[in-house]
Amino acid sequence: MSDVSIGLNSGSVSVSVTSQSSPNSSLQKSTSSNGSSSSSIMGDEVCKFIAGGISGTLAKGAVSPFDRIKILRQGEHKIYGDLTLFRSVTQLVKNEGFFQLWRGLPALVIRIFPYAGFQFYSNDKYRIQWKKYGYQTQIQVGSFNVPIRNLVCGSMAGVTATLFTYPLDLVRTRILYTSQDQPEYKNFSTTVRTIYNQPGGFRNFYAGLRPALFGMIFYAGLSFGTFETLREKAQARDHISFIPIKNERGEINYFVNLVMGATAAVISQLFVFPIDTA
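Residues numbered from 1 in each chain as written. Predicted model: local features only at pLDDT ≥ 70, side-chain atom pairs only at ≥ 80, totals over all residues. Heavy atoms only, no water.

**Examining the environment of I243**
Move 1: Examined against the element boundaries, I243 turns out to sit in strand β6 (residues 243-244).
Move 2: A relative accessible area of 39% places I243 in the partly exposed class.
Move 3: With sequence-adjacent residues up to four places away left out, I243 is seen in contact with D238 and F255. (Helix = DSSP H or I, 4+ residues; strand = E, 2+ residues; numbered from the N terminus. Buried < 20%, exposed > 50% of the residue type's maximum accessible area, 1.4 Å probe, protein only. Contact = heavy atoms within 4.5 Å.)

**Observations regarding the packing of aromatic side chains**
Move 1: Per the counting criterion, the structure on display carries 13 aromatic pairs.
Move 2: Summarising the aromatic geometry, the rings of F98 and F99 are spaced 5.5 Å apart at their centres and angled 80 degrees between planes, so their arrangement reads as edge-to-face.
Move 3: With a centroid separation of 6.1 Å and 45 degrees between ring planes, the pair formed by F218 and F271 is classed as tilted. Placement of the pair is F218 in helix α7 (residues 209-235) and F271 in helix α8 (residues 254-277), with a sequence separation of 53 residues.
Move 4: Overall, F218 belongs to the partly exposed group, its relative accessible area being 32%.
Move 5: Positioned over the ring face of Y115 is R111, at 4.2 Å from the centre of the ring. (Phe/Tyr/Trp six-rings, centres within 6.5 Å; stacked < 30°, edge-to-face > 60°. Lys NZ or Arg CZ within 6 Å of the ring centre and 35° of its normal.)

**Brief notes about a nonpolar patch on the surface**
Move 1: Taken together, the side chains of I240, F242, I243, Y254 and F255 define a hydrophobic patch exposed on the protein surface, amounting to about 590 Å² of accessible area.
Move 2: For Y254, the position within the fold is in helix α8. (Patch = residues over 30% accessible without salt bridge, like charges linked within 9 Å, V, L, I, M, F, W, Y side chains within 5 Å. Areas by Shrake-Rupley, 256 points an atom, 1.4 Å probe, with all protein chains shown as cover. Salt bridge = Lys/Arg side-chain N within 4 Å of Asp/Glu carboxyl O.)

**Describing α8**
Move 1: Along its 24 residues, α8 runs 32 Å from first to last C-alpha, staying within 8% of the 34 Å computed at 1.5 Å per residue.
Move 2: Within the sequence span of α8, burial applies to V256, M260, A264, S268 and V272.
Move 3: Where α8 is buried, its residues meet α7 and β6. (Expected span 1.5 Å × (residues − 1).)

This is the structure in structure tokens:
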């Protein structure tokens, strides 16, 4: 129900309409608004998880052959352990076939999708909570401003993702280290059965968890910390020399994100590689 009032002011006519809503109507609007808000938030969270999973799967899938060679060399494989990168590739193709460079790709997708999803989702959540409680974003160490929020939130995100998906990572690593002439490691399901049937049973899926978590503290912290810090600096500028950082919508260009991501990955991998090898 509405009231209409008409007033004259300095020769002009003003019309105001005042709506009188019933309590039930207001309650219905509030409930509807809260419901749509909750649905929107839930949709955003799911989108973040899926986007993280897809990006992680595509990235890891692209470099999967190098990942397999790295694992073969780290484990001192009897055939490929002492070969150079080029000779490892040629010998793998010769002995097992070209597509064996992507051996364990289904296992990679099964593991990487939830891992990357949890990692990106958790990083955003931890950063939101950090801001909510008003913690410092940087601390002074000597003459350096250390981006403590970026480092700590990245570390926690990496640890969270590892805790959720470590058994999947162990299965994938076992497949990558073995070859197609070992039927007990033929695919994901046979590898799971083989690991479970060995002495130790279910605990076998968590073998090596402690060093993995220890390494992840530094790897994810440096990776996310470096990327987020570079992104914050990029958002404060429009150009680096003659190179545009942002597009016409004010968003950071994709190739700038690519360079920042690659830089963060190289720095973190170089630092953590000895722990990864151990």
